[in-house]
Amino acid sequence: MYEPIRTPPSRKGSVHSTMAGTTSDSDFPHRSREEELDIQLAGHLGALLAVTDELRAAAPSEELDTAAERLAAQVARLRGGVAPVRMAAAPADDLRALHQRAHALAGRALVVAASRADTAAAILAAEQMDVHAAALEPRELASR
């Protein structure tokens, strides 16, 4: 009733692998989970820095200057000391949209920072979420 599958002598290896034996794992670079999270977190914080620079160009403030410097320091730390490239941003018309984007980016950074247990980056991201959430509140409610 049962007959084992016969393999022709010229065919060696698994029937499920078309490239059996042609490449090895050492042919491809591999990163650890922590390295991948560092790259992802640096990307989110770098994007948040870019939006912060746009906000600084539109509405300069000492608070945004401090946040930008702290973000740049975290990005540099995650990139092994390489400082992020920063451009002078043109003033934006829609500050609300920038604050919404910054809030979303800070949230993404917080998730990644929490998953890699990076307390400094998580605190910075949470603070930035609070700052941008407060900027999105209606002015009437904020003055009460």
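Above this text is the structure in question.
Residues numbered from 1 in each chain as written. Predicted model: local features only at pLDDT ≥ 70, side-chain atom pairs only at ≥ 80, totals over all residues. Heavy atoms only, no water.

Here we take up the overall build of the protein. Of the regular secondary structure elements, the protein holds 5 helices and 0 strands. Across the protein, helices and strands are ordered from the amino to the carboxyl terminus as α-α-α-α-α. Residues counted as buried form 28% of the 144 residues belonging to the protein. Across the protein, contacts joining residues at least 24 apart in sequence account for 70% of those joining residues at least 6 apart. (Helix = DSSP H or I, 4+ residues; strand = E, 2+ residues; numbered from the N terminus. Buried < 20%, exposed > 50% of the residue type's maximum accessible area, 1.4 Å probe, protein only. Contact = heavy atoms within 4.5 Å.)

Packing of helix 1 (residues 33-58) against helix 4 (residues 119-136) brings their axes to within 12 Å, and their N-to-C directions diverge by 35 degrees. Remark: the crossing between helix 1 and helix 4 carries left-handed chirality. When helix 1 is examined against helix 4, the residues Leu41, Leu45, Leu48 and Leu55 are found in contact with a partner set consisting of Ala121, Gln128 and His132. The class makeup of the residues in the contact of helix 1 with helix 4 is 5 nonpolar, 2 polar and no charged. (Axes fitted to C-alpha atoms, helices over the stretch in contact; angles between N-to-C directions. Left-handed = near helix turned anticlockwise from the far one by under 90°. Nonpolar A, V, L, I, M, F, W, Y, C, P; charged D, E, K, R; others polar.)

To continue, consider the packing of helix 1 against helix 2 (residues 62-78). Direction vectors running N to C along helix 1 and helix 2 enclose 155 degrees, while the axes themselves pass 9 Å from each other. Accordingly, the angle class assigned to the pair helix 1 and helix 2 is roughly antiparallel. Along this stretch, helix 1 crosses helix 2, giving a crossing that reads as left-handed. Contact residues: Asp38, Leu41, Ala42, Leu45, Gly46, Leu48, Leu49, Thr52, Asp53, Leu55 and Arg56 in helix 1; Leu64, Asp65, Ala68, Leu71, Ala72, Gln74, Val75 and Leu78 in helix 2. (Parallel < 35°, antiparallel > 145°, perpendicular 65-115°, else oblique.)

What follows concerns the pattern of salt bridges. Enumeration according to the criterion identifies 10 salt bridges in this entry. The partner of glutamate 54 in a salt bridge is arginine 101, with the nearest N and O atoms 3.9 Å apart. Taken together, the positions of glutamate 54 in helix 1 and arginine 101 in helix 3 (residues 95-115) put the pair 47 residues apart, joining distant regions of the chain. Measuring nitrogen to oxygen at the nearest pair gives 3.4 Å for the salt bridge that ties glutamate 69 to arginine 86. Residue glutamate 69 is located in helix 2, and its partner arginine 86 is located in the loop between helix 2 and helix 3; the two are separated by 17 residues in the primary sequence. On the basis of relative accessibility, which here comes to 31%, the residue arginine 86 falls in the partly exposed class. Shared partners join several salt bridges into a network, and the residues in it are Asp53, Arg56, Asp65, Glu69 and Arg86. (Salt bridge = Lys/Arg side-chain N within 4 Å of Asp/Glu carboxyl O.)

To continue, consider the nonpolar core. In terms of nonpolar packing, the biggest core is built from 25 residues, with Leu41, Leu45, Leu48, Val51 and Leu71 touching the most fellow members. Counting only elements with at least two residues in this core, the list comes to helix 1, helix 2, helix 3 and helix 4. Setting aside chain neighbours within four positions, we find leucine 71 in contact with Leu45, Leu48, Leu49, Thr52 and Leu124. (Core = buried A, V, L, I, M, F, W, Y, C linked by side-chain atoms within 4.5 Å.)

Okay, the environment of alanine 59 next. Turning to its location among the elements, alanine 59 is positioned in the loop between helix 1 and helix 2. Each residue touching alanine 59, except ones within four places of it in the same chain, is listed here: Leu64 and Leu95.

This paragraph deals with the environment of aspartate 130. Topologically, aspartate 130 is positioned in helix 4. Aspartate 130 sits in the exposed class, given a relative accessible area of 57%. Between the alpha carbons of aspartate 130 and alanine 106 there is a distance of 9.3 Å; along the sequence they are 24 residues apart.

Mapping valine 111 onto the fold places it in helix 3. Using a relative accessible area of 59% as the deciding quantity, one classes valine 111 as exposed.

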